[in-house]
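# A structural walkthrough
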Amino acid sequence: MSLNVPTMAEMMAKGESPDILFWVGCSGSFDDRAKKITKALVKILNECKVQFAVLGTEENCTGDPAKRAGNEFTFQMQAMMNIQVLDGYEVKKIVTACPHCFNTLKNEYPELGGNYEVIHHTQLIQELINQGKLTLKDGGTFKGKKITFHDPCYLGRANDVYEAPRELIQKLDGELVEMKRCKTNGLCCGAGGAQMFKEAEKGNKEINVERTEEALELDPDVIATGCPFCNTMMTDGVKNFEKEGEVEVLDVAELIATAADL
Amino acid sequence: MIATILFALLLVIGFGFFGWNVMKVRSNIKLGRDIDRTDNKGERWKTMLLVAFGQQKMFTRPIPALLHLAIYAAFVITQIELIEIIIDGLMGNHRTFHSSLGGFYTFMISFIEVLSVAALIATIIFLSRRNLLKLPRFNMSEMNGWPKMDGNMILFMELVLVLCIFTMNGADEAAHVQLTGESYGFAISSLIGPAFFEGMSLESLHTLERIGWWGHILMVFAFLNYLPYSKHFHIVLAFPNTYYSNLDKKGKFSNMESVTKEVKLMMDPTADPFAAPPEGEVAEPQRFGAKDVTDLTWKNLLDSYTCTECGRCTSSCPANITGKLLSPRKIMMDTRDRLVEVGDNKRKHGADYDDGKSLLGDYITEEELWACTSCNACVQECPVNIDPLSIIVDLRRYLVMEESKVPSELTGMLTNIENNGAPWQFSPSDRLNWANED
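For every chain, the first residue of the written sequence is number 1, and numbering continues from 1 along that sequence. Following the order in which they are written, the chains are lettered starting with A and the ligands numbered starting with 1. The model is predicted, so local features are restricted to residues of pLDDT at least 70 and side-chain atom pairs to those at 80 or more, both for listing and for counting; the totals for chains, interfaces and linings are taken over all residues.

### Let's talk about the overall build of chain B
Only DSSP runs of H or I covering at least 4 residues are called helices, and only runs of E covering at least 2 are called strands; the numbering of each starts at the N terminus. A tally of helices and strands in chain B yields 19 helices and 0 strands. Put simply, the radius of gyration uses C-alpha atoms, and a globule should come to 2.2 Å times the residue count raised to 0.38. What you see for chain B is a C-alpha radius of gyration of 28 Å, clearly larger than the 22 Å of a compact globule of 438 residues, by over 25%. Put plainly, a residue is buried at 20 or more neighbouring C-beta atoms within 10 Å of its own, exposed at 12 or fewer, and partly exposed in between, counting only other residues' C-beta atoms, which are placed from the backbone. Counting only residues that meet the buried cut, chain B has 40% of its 438 residues in that class. In chain B, once contacts between residues fewer than 6 apart in sequence are set aside, the share between residues at least 24 apart is 77%. Any two residues are considered in contact once their C-beta atoms, placed from the backbone, lie within 7 Å.

What follows is the structure in structure tokens.
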């Protein structure tokens, strides 16, 4: 099934305006693993006939890693450019699969003049299921499987979203198992604060190894995440323990798309 | 008479010296940059009530929370007895409220005694956690020396306080029984009296009671005046500190207005970069980010005085857990130590004195700053809503924007964002390629 991914420019040319903008983010656009998450979400949006559009080549980094790294200039340049584009298209509502984009757009753009309703993709999917627009197939792929959810810091602690991803996982036939450090006590994957783009400082262990070890203690079939960076870190962690044959690292959107047979 | 004069003198010196030190701390805190925390008063009172008064966040770790609650409750309730002690001391009375309050007096003193026993037990457990069990979070490198001693001193002083109370009440009880044939009927001292003080002469009982009474009040003033020098100041500052909490989402980093102005100028083709600032607007040259404590906000500085070095932040920090140099607690301790130094320097050598040192470099190293993942675990954990992360970010801002000191991989990331709108080196024209790939 080919994906239907309209851009804002195309929509505008047709005189239409979408209900929601899908902010894909740099990972979702360029990283091979994260692109699969992007596509899973688009499949869900297409299935539910959501009127959405992407910015395509007009999208630019939100500036999140620059801000976390302490470079406010680069951040604000990015933000101002993005706000010009978003306001040009009169965007009101944004969904994104990246908690870093989510946090920055939602919390840090308003003071620079960009005011939008921003939601995380797990919140949107939850809404779609609750509205009956998306139904999961019975006896799906996850029957009897153990799934644990790793809280992305910028979704959980940073923005207090803990339940949406969990409610989605509970809709699968599998079993949601929690790590000892979860929700407000969740342990970071190690990628936040611009660490994704640098080597870790000197220590005695990698943070993603520490976190993956904790997840693997539960003997899960799936480690679910809601963040492309966490996904990378947990995937590397699983490889570190040579468990990639037994444990999958999947985004919640991928779990739902699979369960809905998309 | 002499006792009354001595007591009045003690009162004046005790409160006076404390007040003087509080003013010093206040003036140090006011060295920080301004930040507006006057909004949302209802929410602020609620936060203070729950987090400081109700100790809400302590209860994520129930056992220490209960022990801490015992000491806290005993401390707060004992202040009622302190009122009587002060009145007795000034009037030369003995148990001023005993006759007028009757049964309620017996109940109050009994309540205080029961709480004091609970506090005594908690204090002993806390001392053994620090010194016998050697809990890791109390034995990290930043705790060596004074901080470890500080923690033990506080607990030791609490022991003395409680022991004085029971010496006072126990001896008084035994004397009361000898004189009137009746017990006061206080919950604990009616047991301690006969057990420890029976058979003593009235004179020695009286002496013991006075030793307990004076020992207690002297310890109270010693403790009060120790506070401004100690991590234990949290018993006072937890209240304002939680009132002035950050009420925004934790993920929101502060916006730098000074940068916004410049960026707007750069993006506005009609702007005149050489135009004089509009009337009324004073252009203060401020550095970007923070190099020293005076570049931080007063809330950051209040945070540093409020920190009681419990180490919950550090024990939940992913960087610290995996052996990196960063410890959020050390960030707070360094900030306070440096602030005390800067404040003392200014008072001694004048407001413009520069000792050539700074928080960044002399206290906190770049390696610590670059280990942070900005995950907010430290902020979440702090029982009194301290925010170590905002200090880390402001120090990073100074490093990056004033000194261009960025880890080399991050330079690449920043250049990529500026050149091609993504942290990696991909062409912006390829951004939508995923839609057409399998």
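Structure shown, so let's carry the discussion forward.
### Thoughts on the domain arrangement of chain A
One frequent convention defines the size of an interface as the accessible area lost when the parts assemble. All names here are of chain A. Start and end points for every domain follow an automatic or database-based domain assignment. Domains assigned within chain A are domain 1 (8-128) and domain 2 (136-259). Between the C-alpha centres of domain 1 and domain 2 the distance comes to 23 Å. In this assembly, 26 residues from domain 1 lie in contact with 27 residues from domain 2. Taken together, the elements giving at least two residues each to the side of domain 1 that touches domain 2 come down to α2 (25-30), α3 (32-47), α4 (64-68), α6 (99-108) and α7 (121-130). Here the element with the most residues in the side of domain 1 that touches domain 2 is α3; it accounts for 8 residues. Classifying every residue of the side of domain 1 that touches domain 2 by side-chain character gives 12 nonpolar, 9 polar and 5 charged. The nonpolar class holds Ala, Val, Leu, Ile, Met, Phe, Trp, Tyr, Cys and Pro. Asp, Glu, Lys and Arg form the charged class, and all remaining residues, Gly among them, are polar.

### Topic: the packing of helix α9 (residues 207-216) of chain A against helix α10 (residues 228-240) of chain A
All names here are of chain A. Simply put, an axis is a line fit to the C-alpha atoms, just over the touching stretch for a helix, and the angle between two N-to-C directions goes from 0 to 180 degrees. Where α9 meets α10, the axes come as close as 8 Å, and the angle between the chain directions of the two elements is 75°. By the angle between their directions, the pair α9 and α10 is classed as roughly perpendicular. Contacts between α9 and α10 involve N208, V209, R211 and T212 from the first element and M233, M234, D236, G237, V238 and N240 from the second. Here the angle decides the label: under 35 degrees means roughly parallel, over 145 means roughly antiparallel, 65 to 115 means roughly perpendicular, and every other value means oblique.

### Regarding the sheet that holds strand β3 (residues 93-96) of chain A
Residue and element names in this part refer to chain A. Two strands make a pair as long as DSSP finds a minimum of two bridges between them. Taken in spatial order, the 4 strands make up an open sheet running β2-β1-β3-β4, and their pairing is parallel. Lying at the two open borders of the sheet, with one neighbouring strand each, are β2 (52-53) and β4 (117-120). In terms of strand pairing, strand β1 (residues 20-23) meets β2 through 2 bridges, oriented parallel. Paired with L21 across the bridge in β2 is A53.

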